[in-house]
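# Chains, contacts and geometry: an overview
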Amino acid sequence: DKPPEATTETEDSPFRKRLVQLELSIFHEEDTRSDQDAEGEIMRTLKEMTSSEQAVAVFETEAARDEAVARAEEKGGISFQGAMLTLEKAHCEPDTVFWHNFGDTSLFMQ
């Protein structure tokens, strides 16, 4: 016997639709830019961003992760946009990482 499932409001419910309308009336501003102007702004913002030298890949299974790490080691890394990437097994689970603080630089370097 399965326990009864909790009932939740679906996206199509009248209550949910009304909440969305209320949120839009409070927070949404009409975008008067053309698609080309908006895309240009997005591209400028992306090019101005600074990033870490590290990235995190989350795999469906530990076996898939282990295989990816092993293959990358066999090949001496993964070539990506002129750089060689290395993979290593993380010693934590994705849901235990405080992503806001992710990185290995000190506060002084930030």
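Structure: above.
First things first, this report covers the structure right here in the doc. The structure presented is a predicted model; accordingly, all values stated were derived computationally and were not measured. (Residues numbered from 1 in each chain as written. Predicted model: local features only at pLDDT ≥ 70, side-chain atom pairs only at ≥ 80, totals over all residues. Heavy atoms only, no water.)

## A closer look at the overall build of the protein chain
Scanning the protein chain for helices and strands turns up 3 helices and 2 strands. When its helices and strands are written in sequence order, the protein chain yields α-α-α-β-β. By residue count, 5% of the 110 residues in the protein chain fall in the buried class. (Helix = DSSP H or I, 4+ residues; strand = E, 2+ residues; numbered from the N terminus. Buried < 20%, exposed > 50% of the residue type's maximum accessible area, 1.4 Å probe, protein only.)

## Observations concerning helix H3 (residues 62–75)
Its 14 residues give H3 an end-to-end C-alpha distance of 20 Å, which sits within 8% of 20 Å, the value for a rise of 1.5 Å per residue. Summarising the contacts, the buried residues of H3 are in contact with strand S1 (78–80). Count one or two residues on from H3 and you reach Gly-76, which has phi positive near 75 degrees. (Expected span 1.5 Å × (residues − 1). Contact = heavy atoms within 4.5 Å.)

## Quick notes on the pattern of salt bridges
Enumeration according to the criterion identifies 4 salt bridges in this entry. Residues Asp-31 and Arg-33 are paired through a salt bridge, measuring 2.8 Å at the closest nitrogen-oxygen approach. In this structure, the salt-bridge partner of Glu-67 is Arg-71, at a minimum N-O distance of 2.8 Å. Linking Glu-67 with Arg-71, this pair stays in helix H3, spanning 4 residues, or about one helical turn. The structure contains a network of salt bridges with shared partners spanning Asp-31, Arg-33 and Glu-41. (Salt bridge = Lys/Arg side-chain N within 4 Å of Asp/Glu carboxyl O.)

## A closer look at the side chain of Ser-13
Within the secondary structure, Ser-13 sits in the segment before helix H1 (14–27). The exposure class assigned to Ser-13 is buried, which follows from its relative accessible area of 11%. A distance of 3.1 Å separates a polar side-chain atom of Ser-13 from the backbone nitrogen of Arg-16. (Polar contact = N/O pair within 3.5 Å; in protein donor to acceptor, adjacent residues only side chain to side chain.)

## With respect to a nonpolar patch on the surface
Side chains of Phe-15, Leu-19, Leu-22, Ile-26 and Phe-27 sit close together on the surface and give an oily, nonpolar patch of about 530 Å² of accessible area. In this fold, Phe-27 is placed in helix H1. Phe-27 sits in the exposed class, given a relative accessible area of 67%. (Patch = residues over 30% accessible without salt bridge, like charges linked within 9 Å, V, L, I, M, F, W, Y side chains within 5 Å. Areas by Shrake-Rupley, 256 points an atom, 1.4 Å probe, with all protein chains shown as cover.)

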